[in-house]
Amino acid sequence: MCAYKRKDGYYHKAKKEGYRSRAIYKLKQIDEKFYIFNPGDIVVDLGAAPGSWSEYAVEVVGEDNVIAIDLERMRDIEGVSTYQGDLTDDEVLNRLSIIAGDVDVVISDMAPNISGNYSLDHARSVYLSQRALKFCDMSLNNGGNFVVKIFQGEDFKNFLEDVKSQFSFVKAHSPRASRESSSEMYIIGKGFKGKN
Ligand SMILES: C[S@@+](CC[C@H](N)C(=O)[O-])C[C@H]1O[C@@H](n2cnc3c(N)ncnc32)[C@H](O)[C@@H]1O
């Protein structure tokens, strides 16, 4: 991909507005359309590095209400508790669930390293999305909200059905800030029906 495409308008906007990544505008656009967050909500951000989703979330819900975790070490964000860990590891998921307590919103922008093999990248993305849904089962309050990234492919529909079985309102959505060439979609689940 050429440098011109990498550094598009959203990249420059994020830089100008002081956010860590252009990904902020995907979450902002999703929130403006689907009303994900309320002030005072407890939010867990999965696959959070470098941190722009957490930067947005803390602005909306307030300081000390956001917990962020990533495989990579993150630079601190004021008002956000940051952790490093692999969310495919059950032990990490369990510990995060204990730390977070009762959660109002789970957001996951987790993505695998892109191999270039479409099926493999899709399968890995589905697995990460399933881990995020598992975390909802462990920690999300009844009525809570969920935003999760998933790459499109053959298992997309099955995952969408899994989310539908657990939330009252579910939509697959591609925000304007997602690149046209990207296969990523976001699934929005509102009104969690309850922990299994
Ligand atoms: C697209 S980036 C997230 C960008 C972020 N939403 C932001 O606004 O800055 C995807 C992240 O998922 C993380 N990730 C991938 N696999 C993971 C795993 N198994 N456990 C935790 N994080 C993971 C990557 O390290 C990467 O930082």
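Note: the structure precedes this text.
The residue numbers shown here count from 1 along each chain, following its written sequence. Confidence filtering applies because this is a predicted model: local features only for residues at pLDDT of at least 70, side-chain atom pairs given and counted only at 80 or more, and all residues used for totals across whole chains, interfaces and linings. The basis for every side-chain value is the complete set of heavy atoms in the structure, and neither hydrogens nor water enter the calculation.

Novice: Please provide a residue-by-residue account of helix H5 (residues 90–100), values included.
Specialist: The classification of residues rests on relative accessible area computed with a 1.4 Å probe and restricted to protein chains. Under 20% of the type maximum is buried, over 50% is exposed, and intermediate values are partly exposed. Only DSSP runs of H or I reaching four residues or more are called helices, and only runs of E reaching two or more are called strands; each is numbered from the N terminus. For H5, every residue scored as buried is listed here: Val92, Leu93, Leu96, Ser97 and Ala100. The buried residues of H5 occupy an angular sector of 135° when projected down its axis, which confines them to one face. In this structure, the buried residues of H5 make contact with strand S1 (43–46), strand S2 (66–70), strand S4 (103–108) and helix H6 (118–139). Between a side-chain oxygen at the N-terminus of H5 and the backbone nitrogen of glutamate 91 the separation is 2.9 Å; the capping residue is aspartate 89. Immediately beyond the C-terminal end of H5, within one or two residues, lies glycine 101, with a positive phi of roughly 70°. Throughout, the arc means the angular range of directions from the helix axis out to the C-beta atoms. The criterion used for residue contact is that any of the two residues' heavy atoms lie within 4.5 Å. Here a polar contact means two N or O atoms within 3.5 Å. Within protein one must be a hydrogen donor candidate and the other an acceptor candidate, and residues neighboring in sequence count only if both atoms are side-chain atoms.

Novice: So what's going on with the environment of asparagine 117? Which residues, and what values?
Specialist: Looking at where asparagine 117 falls in the secondary structure, it is placed in the loop between S4 and H6. Looking at asparagine 117, the relative accessible area reads 42%, which means it is partly exposed. As for asparagine 117 and histidine 12, which are separated by 105 residues in sequence, their C-alpha atoms are 30 Å apart. Within the local environment of asparagine 117, its side chain forms a polar contact with the backbone nitrogen of leucine 120, the two atoms lying 3.1 Å apart.

Novice: Explain the pattern of salt bridges to me, using residue names and the numbers behind them.
Specialist: The salt bridge criterion pairs a side-chain nitrogen of Lys or Arg with a carboxyl oxygen of Asp or Glu, the two atoms within 4 Å. This structure, assessed with the given rule, holds 12 salt bridges. When the shortest N-O distance is used, the salt bridge between glutamate 55 and arginine 20 registers 3.5 Å. Highlighted residues: glutamate 55 in helix H4 (residues 52–61) and arginine 20 in the loop between helix H2 (9–17) and helix H3 (24–34), separated in sequence by 35 residues. Judged by its relative accessible area of 12%, glutamate 55 falls in the buried class. Across the pair lysine 149 and aspartate 109 runs a salt bridge whose closest N-O atoms are separated by 3.0 Å. Of the two residues, lysine 149 is situated in strand S5 (residues 140–151) and aspartate 109 in the loop between S4 and H6; the sequence distance between them amounts to 40 residues. Taken individually, lysine 149 and aspartate 109 each receive the classification buried, so the pair is uniform in this respect.

Novice: Hey, could you go over the packing of H3 against H4 for me, with residue numbers and the actual values?
Specialist: Where H3 contacts H4, the two axes come as close as 8 Å, and the packing angle between them is 40°. As judged from the angle between their axes, H3 and H4 are oblique. Two packed elements cross with a definite hand, and for H3 against H4 that hand is right-handed. Taking contact as the criterion, the partners of Ile24, Leu27, Lys28 and Asp31 in H3 are, on H4, Ser52, Trp53, Tyr56 and Val60. Only the stretch in contact is used when a helix axis is fitted, and all axes are lines through C-alpha atoms; the angle between N-to-C directions ranges over 0 to 180 degrees. Just so you know how the angles are binned, under 35 degrees is roughly parallel, over 145 roughly antiparallel, 65 to 115 roughly perpendicular, and the rest oblique. For any pair of crossing helices, the crossing counts as left-handed if the nearer helix is rotated counterclockwise from the farther one by less than a right angle, and right-handed if it is rotated clockwise.

Novice: Hey, could you go over the side chain of arginine 131 for me, with residue numbers and the actual values?
Specialist: Its location among the elements puts arginine 131 in helix H6. Within the local environment of arginine 131, its side chain forms a polar contact with the side chain of aspartate 90, the two groups lying 2.9 Å apart. With near-sequence residues (within four places) excluded, arginine 131 lies in contact with Leu87, Thr88, Asp89, Asp90 and Leu93.

Novice: Please provide a residue-by-residue account of the packing of aromatic side chains, values included.
Specialist: By convention, a stacked pair of Phe, Tyr or Trp rings (six-membered ring in the case of Trp) has centres within 6.5 Å and planes under 30 degrees apart, an edge-to-face pair has planes over 60 apart, and any other such pair is tilted. If you walk through the whole model with that rule in mind, you get seven aromatic pairs. Between tyrosine 19 and tyrosine 25, the ring centres sit 6.4 Å apart and the planes meet at 90°, which makes this aromatic pair edge-to-face. Note on tyrosine 19: relative accessible area 19%, which makes it buried. Between tryptophan 53 and tyrosine 186, the aromatic rings sit 5.7 Å apart at their centres with planes inclined by 40°, giving tilted as the arrangement. In this pair, tryptophan 53 is assigned in helix H4 and tyrosine 186 in strand S7 (residues 184–192), connecting sequence segments 133 residues apart. For tryptophan 53, a relative accessible area of 3% corresponds to the buried category. Overall, tyrosine 186 belongs to the buried group, its relative accessible area being 0%. In this structure an aromatic cluster arises from ring pairing among Tyr10, Tyr19 and Tyr25. Here the guanidinium or amino end of lysine 33 rests over the ring plane of phenylalanine 34, the centre of that ring lying 5.9 Å away. A ring is scored as having a charge over it whenever the NZ atom of a lysine or the CZ atom of an arginine sits within 6 Å of its centre and within 35 degrees of its normal.

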